[in-house]
Amino acid sequence: MDKFLWINPVAAEMYDSPELRQQLERRGFEVVACGRDHIAAVREKYRLALKKAEGCLADMRCPLAVDYIKAEYNPPFLEYPAIEPILLHCARELQQRLEGKGRLYVTTPCEALRDLGRSLGLPGVTFLTWAEFVRQEELLLQKAPLQASPIPPGFFAEYGARGIMLDSKEKIDEYFSAGPRQPAESILELLYCPQGCHKGNGV
Ligand code: SF4
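Scoring rules and cut-offs
Residues numbered from 1 in each chain as written. Predicted model: local features only at pLDDT ≥ 70, side-chain atom pairs only at ≥ 80, totals over all residues. Helix = DSSP H or I, 4+ residues; strand = E, 2+ residues; numbered from the N terminus. Contact = placed C-beta atoms within 7 Å. Near = placed C-beta within 6 Å. Nonpolar A, V, L, I, M, F, W, Y, C, P; charged D, E, K, R; others polar. Buried ≥ 20, exposed ≤ 12 C-beta atoms within 10 Å, placed from the backbone. Right-handed = clockwise from strand over helix to strand, strands pointing away. Axes fitted to C-alpha atoms, helices over the stretch in contact; angles between N-to-C directions. Parallel < 35°, antiparallel > 145°, perpendicular 65-115°, else oblique. Left-handed = near helix turned anticlockwise from the far one by under 90°. Pairing = 2+ DSSP bridges.

Below, the discussion takes up the environment of L122. Relative to the helices and strands, L122 is located in the loop between helix 6 (111–119) and strand 6 (125–129). Separated by 27 residues in sequence, L122 and S149 have C-alpha atoms that sit 27 Å apart. Not counting residues up to four positions away in its chain, the partners in contact with L122 are A91 and Q95.

In structure tokens:
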């Protein structure tokens, strides 16, 4: 059976190299990429959601941040739009393209995105953190730590003062521990790891 691999952008930036590609080829993996611009598609979904929102909109790209806020604060003013993280948009595109051709391995930068991916039950798809995939395949890698995420904070910068960036657990705690209130912002950018996914627990 053919084996396809999608390397998430964080892991690609940290580890992709000719040596990695050789190791993957020897293990029978074909590395695949998305054909559509899912970043633009997700941005557009938030634009549409903002038009309909009555309260303040939560960024749903980081499942750990969303779950944490719901569990710890559950603020009444926050709305949770049904917009999947960008990574899941990629996974769905690849799954549709490759269904019936082999198994697709989708790597994630953290366990939270892995678990959300698994919860979809996409046929023929295995979600693993990048670190789990590396261990499973016994790859030998040189890590190149990143100073910034390939998808850095600022996803909603176009909204200016209507948005606020909470790009760490500490900032989330600081914002929500101020108590119940109707915020001035229309949208909250939410990332649990400091400054983004390059600090995820799966890379
Ligand atoms: S890597 Fe960190 S910031 Fe990115 S989605 Fe996962 S938990 Fe959120």
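What follows concerns the site of the ligand. The ligand sits among 13 residues. The nearest are C62, C110, C193, C197 and G200. Counting residues per element, the ones that place at least two in the shell around the ligand are helix 4 (63–72) and helix 6. Tallied by class, the residues present in the shell around the ligand amount to 11 nonpolar, 2 polar and no charged.

Another point: the pairing of strand 6. Two faces make up the sheet, and in a regular strand the side chains alternate between them. For strand 6, the tally of buried residues reaches 4 of 5 residues, placing the bulk of the element in the interior. Handedness of the β-α-β unit built from strand 5 (residues 102–108), helix 6 and strand 6 comes out right-handed.

Right, let's talk about the packing of helix 4 against helix 8 (residues 169–176) for a bit. Helix 8 packs onto helix 4 with a crossing angle of 30 degrees between their chain directions and a minimal axis gap of 11 Å. Classified by the angle between their axes, helix 4 and helix 8 sit roughly parallel to one another. In terms of crossing hand, the pair formed by helix 4 and helix 8 is right-handed. Contact residues: helix 4 offers A65, Y68 and I69, while helix 8 offers K169, I172 and F176. Residue composition of the contact of helix 4 with helix 8, grouped by class: 5 nonpolar, no polar and 1 charged.

This brings us to the sheet that holds strand 3 (residues 56–58). Backbone hydrogen bonds are what pair the strands of a sheet, in a parallel or an antiparallel way. Within the open sheet, the 4 strands sit side by side as 4-3-8-7. Their pairing is parallel. Across the chains shown, the open sheet's two edge strands, defined by having one partner strand only, are strand 4 (78–79) and strand 7 (163–166). With 2 bridges joining them, strand 3 and strand 4 adopt parallel strand pairing. Across the sheet, L57 pairs through a bridge with E79, a residue of strand 4.

Let us look at the pairing of strand 1 (residues 2–6). Looking at chain direction, strand 1 and strand 5 are connected through 5 bridges and run parallel. Each bridged residue has a counterpart across the sheet, and for W6 the counterpart in strand 5 is V106. Pairing analysis gives 3 bridges linking strand 1 to strand 2 (residues 29–31), with the strands arranged parallel. When the sheet's bridge partners are listed, F4 is paired in strand 2 with E30.

It is worth stressing that arrangement in space is one thing and function is another; only the former is reported here.
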